[in-house]
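# Structural overview for review
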Amino acid sequence: MTEPLLKVENLRIELKLRDGVAPVIDDLSFELMPGESLSFVGESGCGKSMTALAIMGLLPEGIGRIASGKLIFDGEDLTTASEARLRQIRGNEISMIFQEPMTSLNPVITVGEQIAEVLRTHQGLSRKAAWDQAAELLDAVRIPNPRSRVSDYPFQMSGGQRQRVMIAIALACKPKILIADEPTTALDVTVQAQIFDLLRDLRAQTGTSIIMITHDMGAVAEMAERMIVMYAGRKAEIGPVDQIIDHARHPYTQGLISCVPHIMSDLTETREELTEVPGIVPSLREFGRDQCLFASRCKYRSGECLQHRPPAKGFGNGQISDCWHAEAL
Amino acid sequence: MPAARVTLIRIFYALALLLAVLVLNFSLMHLAPGDVADTISQSMGGADAEVLERIRIDYGLDQPFLVQLGRYIGNVLHFDLGYSFFYNQSVTSLILERLPATLLLVVSAQVLALVVGVVLGVVSARRPNGMLSHFVTFLALFGYSAPVFWTGILLLIAFSLKIPLFPVAGMQDITVTGGFFAHAWDILRHLVLPMITLASIFLALYSRLARATMMEVLGSDYVRTAKAKGLSQRDVVYKHALKNALSPVITLAGLQFSAVVSGAVLVETVFSWPGLGTLAFQSIIARDTPTILGILFFSALVVIVGNLLTDFALRLVDPRLGGRR
């Protein structure tokens, strides 16, 4: 069996609030294999982006911190790595693309320079060589006329093109892991499909592992092999995508899936009615409690749900669900 | 719009503005009581009505207002700003003699305020709760509320009298001999105190603004991207953040340019700096109308040119304004 590329062990991230601290990530463990595509799913504020920023070592300074746990990348614990070492890894071995292509690129620097500086920093390329490769990368992310567009500024490009540039920057050094934080949320639907196609093709070419953060179950079904469902800073369920969609073992996952019209079903099939998950995510102040945090919104709620945090229950097919009633579902 | 056309339009507006300033200045001076005839008769030790009348006819002061205005504008277009009866010299040569001193003071003070202001702003933005950050806030309050002549006098007392590091007044020491460098060094020594005095107000403004915009920019998405690329701290701050934070500071500097020029009048008077400011002060007291008009014209020219340069500088910093290609 191959070693996992990234191993997250009992990660706990605390966020400083006006009145004390809240665990925005509470005891999260997972593994990412080389070449694998893993998706994080969950509502806004459940800690998806915090996990990504923690892996990058970019938690908001003075506000968020890793309280305990390990992030083992290629045998090296990133939580104890020096800032200089983290800089060597960022953009080189682990890189990230963000949700907002409109504001994620520097408005006063040419896109070519924004790509080329990564190559100069991490691979020691000369100005000329880096610039040439920037044009090649623009070509690789399918921007027409790459030779002339390298000297464009971001304001001369559309949202979809800017996200392509972000992807070119992220993949410039052929990273081992690409973290995509809601890469298509700000784009319109046809462009979303193009970006997913691009990411899939580039992954097939480079063998990069992808961690994709999204709240779009359709995107998960399309992009990922395994998924982690997050709720209120905790893992709700983890497992292979098709099996979870086929038979979710956590009421929250079930709720998310039934929100989406016809994932993986044919148009002719009779479809179940769309439902919603009632209620809202608990506030940050309730995050650390020793109970199931989903209980207030759950129709299967019983006494033990409110008394203790549910244990992880594994199933033979690789599915793990943190629910007291997992077997019964 | 192509950059060349934008430039031409800017220059056209600048010239139109200059003409408007010329008309306004002349009209204002015309409205004020007293004219050159009074000045001349005063210097002669008094004259009767008949002599005054003759002087007025000699100098064209009996003509209608519009004729005088037209003649004045015509003369200015030939770089003739009139003749100063007080200094017995043509106004143009008088001003050109004084202009370099003022330009030296104004430009060096502006550059000092910008450079130090931006550096203080950037450094304090990186640690918004650090000692330096509080110092910048204090400095801004002090620099902005202290009257510039008072700051000047305090600096004079401290660094010319108590600790005689710098000369008390003037721009050059006539006893200095030697080549170009000896003179340059001498002027520099004279320049330090007035420059710091004039810069102090603007330094306060620029450092506050630089600190605020820098803090905003450091929290922006593209700075996060720059960090996620693994760039060095220096590249993140000075390449990615600073370039974006500069635009508002340059805009303010351009707007403040007129204030710098008018501040120069006070500073020059305090330090007896032989520039346009002291000339303006003296010629107002002497009611030397042509000289006052000439100085007003040149101050307007300096401010308008300063604004033009600001505009071009902004275009260099921000490609969205269309300065390149």
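What you are looking at is a predicted structure, and each value in this text was computed from that prediction instead of being measured.

## Overview of the overall build of chain A
Counting its secondary structure elements, chain A contains 12 helices and 12 strands. Relative to the globule expectation of 20 Å for 329 residues, the C-alpha radius of gyration of chain A, 21 Å, shows essentially globular dimensions. On the principal axes, the C-alpha backbone points of chain A span a range of 65 × 55 × 45 Å. In chain A, buried positions account for 55% of the 329 residues. Taking the intrachain contacts of chain A between residues at least 6 apart in sequence as the baseline, contacts between residues at least 24 apart amount to 61%. Of the roughly 14400 Å² of accessible surface on chain A, 50% is carried by carbon and sulfur atoms.

## Here we look at the overall build of chain B
Helix and strand content of chain B: 12 helices and 2 strands. Taken over the C-alpha atoms alone, chain B extends approximately 85 × 55 × 40 Å along its principal axes. Relative to its full complement of 325 residues, chain B shows a buried share of 45%. For chain B, restricting intrachain contacts to residue pairs at least 6 apart in sequence, the fraction spanning at least 24 positions comes to 72%. Of note, chain B has its 23 positive side-chain charges centred 23 Å away from the centre of its 18 negative side-chain charges.

## A look at the domain arrangement of chain B
Residue and element names in this part refer to chain B. For chain B, the assigned domains read domain 1 (13–78) and domain 2 (92–321). When each unit is reduced to the centre of its C-alpha atoms, the spacing between domain 1 and domain 2 is 35 Å. Listed per partner, the contact involves 14 residues of domain 1 and 13 residues of domain 2. Overall, the association of domain 1 and domain 2 removes approximately 1200 Å² of surface from exposure, summing both partners, and the carbon and sulfur fraction of that is 79%. The interface formed by domain 1 and domain 2 contains 0 residue pairs in polar contact (both at pLDDT 80 or more). For the side of domain 1 that touches domain 2, the secondary-structure elements that each account for two or more residues are helix H1 (3–31), helix H2 (36–43) and helix H4 (65–77).

## Comments concerning the sheet that holds strand S9 (residues 226–231) of chain A
Residues and elements named next belong to chain A. Spatially, S6-S7-S8-S3-S9-S10-S12-S11 is the arrangement adopted by the 8 strands of the open sheet, whose pairing is mixed. Of all strands in the sheet, those with a lone pairing partner are strand S6 (94–97) and strand S11 (313–314), marking the two edges. Direction of pairing for strand S3 (residues 37–41) relative to S9: parallel, over a ladder of 4 bridges. By the bridge assignment for S9, Leu 38 is matched with Arg 226. Those strands touched by helix H1 (residues 48–56) are S3, S6, strand S7 (177–181), strand S8 (209–214) and S9, and its axis lies near 145° from that of S6.

## Considerations on the packing of aromatic side chains
Evaluation of the coordinates by the stated rule reveals 11 aromatic pairs over all chains. Between Phe297(B) and Phe298(B) the ring centres are 5.8 Å apart and the planes differ by 90°, which places this aromatic pair in the edge-to-face class. The class for Phe297(B) is buried, based on a relative accessible area of 11%. Of the residues examined, Phe298(B) reaches a relative accessible area of 11% and is grouped as buried. Put simply, the rings of Tyr231(A), Tyr252(A) and Phe294(A) touch in pairs and so form one group of aromatic residues. Across from the ring centre of Phe315(A), 4.1 Å away, lies the NZ or CZ of Arg249(A), which sits over that ring.

## What about the interface of chain B and chain A?
With 21 residues of chain B at the contact, the number on the chain A side is 28 residues. Taken together, both faces of the contact between chain B and chain A bury some 2200 Å²; the carbon and sulfur share is 54%. Our count for the chain B to chain A interface comes out at 3 salt bridges. As a salt-bridge pair, Glu117(A) and Lys229(B) come within 2.7 Å of each other at their nearest N and O atoms. Counting across the interface, chain B meets chain A through 13 residue pairs in polar contact (both at pLDDT 80 or more). Elements supplying a minimum of two residues to the side of chain B that touches chain A: helix H9 (221–228) and helix H10 (233–271) of chain B. It is H9(B) that provides the largest number of residues to the side of chain B that touches chain A, a total of 6 residues. Of the residues contributing to the side of chain B that touches chain A, the split by class is 5 nonpolar, 6 polar and 10 charged.

## Description of the confidence of the model for chain B
Predicted confidence across chain B gives a mean pLDDT of 84, with 97% of residues reaching 70 or more. The least confident element of chain B, judged by mean pLDDT, is H2(B) at 71; the most confident is H9(B) at 91.

## As for the pairing of strand S4 (residues 64–73) of chain A
Residues and elements named next belong to chain A. Relative to S4, strand S1 (residues 6–17) is paired through 8 bridges, and the arrangement is antiparallel. Paired with Glu 14 across the two strands is Arg 65, which belongs to S4. Judged from the 2 bridges that link them, S4 and strand S5 (residues 76–77) form a sheet pairing that is antiparallel. Bridging from a neighbouring strand, Phe 73 pairs with Glu 76 of S5.

## Brief notes about the sheet that holds S5(A)
With respect to topology, 4 strands assemble into an open sheet ordered S2-S1-S4-S5 (chain A), the strand pairing being antiparallel. The open sheet terminates on both sides in strands that have one partner only, identified here as strand S2 (20–32) and S5 of chain A.

## Let's talk about the environment of Leu255(B)
Mapped onto the secondary structure, Leu255(B) falls in helix H10. For the pair formed by Leu255(B) and Asn307(B), sequence separation is 52 residues and the distance between their alpha carbons is 7.3 Å.

## Points about H10(B)
With 39 residues, H10(B) ought to run about 57 Å at 1.5 Å a step, yet its terminal C-alpha atoms sit only 43 Å apart, falling short of that. Along its length, H10(B) reaches its greatest deviation from straightness, about 50°, at Leu242(B).

## Brief notes about the pattern of salt bridges
Taken as a whole and assessed by the stated rule, the structure comprises 30 salt bridges over all chains. Asp311(B) is paired through a salt bridge with Arg315(B); the nearest N and O atoms lie 3.6 Å apart. Of this pair, Asp311(B) and Arg315(B) both sit in helix H12 (residues 289–317), separated by 4 residues, roughly a single helical turn. Classification of Asp311(B) as buried rests on a relative accessible area of 16%. Here the salt bridges share partners, and the residues they tie into one network are Arg12(A), Glu14(A), Asp26(A), Arg65(A), Arg234(A) and Arg309(A).

## Brief notes about helix H11 (residues 276–285) of chain B
All names here are of chain B. Buried within H11 are the following residues: Leu 276, Gly 277, Thr 278, Leu 279, Ala 280 and Ser 283. Residues of H11 that are buried make contact with helix H5 (91–126), H10 and H12. Once H11 ends, the next one or two residues include Arg 287, with phi positive near 55°.

## Some details on the packing of H5(B) against H11(B)
Residues and elements named next belong to chain B. At a minimum axis separation of 8 Å, H5 and H11 run at an interaxial angle of 130°. As the angle between them shows, H5 and H11 are arranged oblique. For the pair H5 and H11, contact is made by Leu 94, Ile 95, Arg 98, Leu 99 and Thr 102 and by Leu 276, Gly 277, Thr 278, Leu 279 and Gln 282, respectively. Considered class by class, the residues forming the contact of H5 with H11 number 5 nonpolar, 4 polar and 1 charged.

Here is what the cut-offs are and how they apply
Numbering of residues begins from 1 in every chain and follows the order in which that chain's sequence is written. Note on labels: chains are lettered from A, ligands numbered from 1, in written order. Totals for whole chains, interfaces and linings use all residues, but because this is a predicted model, local features are given only for residues with pLDDT of at least 70 and pairs of side-chain atoms are given and counted only at 80 or more. Values shown for side chains rest on all heavy atoms present in the structure; no hydrogens or waters enter the calculation. Starting at the N terminus, helices and strands are each numbered in turn, a helix being any DSSP run of H or I of at least four residues and a strand any DSSP run of E of at least two. The globule rule is 2.2 Å times the number of residues to the power 0.38, and the radius of gyration it is compared with is taken over C-alpha atoms. Burial classes follow relative accessibility: with a 1.4 Å probe on protein chains only, a residue under 20% of its type's maximum area counts as buried, one over 50% as exposed, and anything between as partly exposed. Here a residue-residue contact requires only that any non-hydrogen atoms of the pair lie within 4.5 Å. Here the accessible surface of atoms and residues is derived via Shrake-Rupley with a 1.4 Å probe, and residues count as covered only by protein chains that are part of the display. In this tally Asp and Glu are treated as negative and Lys and Arg as positive; neither His nor the chain ends contributes. Lys charges are placed at NZ, Arg charges at CZ, Asp charges at CG and Glu charges at CD. As used throughout, domain bounds are those supplied by an automatic or database domain assignment. Two parts placed together each lose some accessible area; with a 1.4 Å probe, that loss summed over both constitutes the buried area. Polar contacts, as used here, are pairs of N or O atoms within 3.5 Å; protein pairs need one atom able to donate a hydrogen and one able to accept it. Residues neighboring in sequence count only if both atoms are side-chain atoms. For two strands to pair, DSSP has to find at least two bridges joining them. In this analysis, axes come from line fits to C-alpha atoms, helices being fitted only over the stretch in contact, and the angle between any two N-to-C directions falls in the range 0 to 180 degrees. Centres within 6.5 Å are what make two rings of Phe, Tyr or Trp a pair, Trp counting through its six-membered ring; a difference in plane orientation under 30 degrees is then read as stacked, over 60 as edge-to-face, and the rest as tilted. Only when the NZ of Lys or the CZ of Arg is both within 6 Å of the ring centre and within 35 degrees of the ring normal is a charge said to sit over the ring. Salt bridge, as applied in this entry: a Lys or Arg side-chain nitrogen positioned within 4 Å of an Asp or Glu carboxyl oxygen. As a working rule, the residues Ala, Val, Leu, Ile, Met, Phe, Trp, Tyr, Cys and Pro are called nonpolar, Asp, Glu, Lys and Arg charged, and the rest polar, with Gly in that last group. One number per residue, pLDDT, summarises how confident the predictor is, and it ranges from 0 to 100. Expected helix span is given by 1.5 Å per residue-to-residue step, counting one fewer step than there are residues. The quantity called bend is, for any residue, the angle between two axes fitted respectively to the seven residues ending at it and the seven beginning at it. In these notes the angle categories are as follows: under 35 degrees is roughly parallel, over 145 is roughly antiparallel, 65 to 115 is roughly perpendicular, and the rest is oblique.

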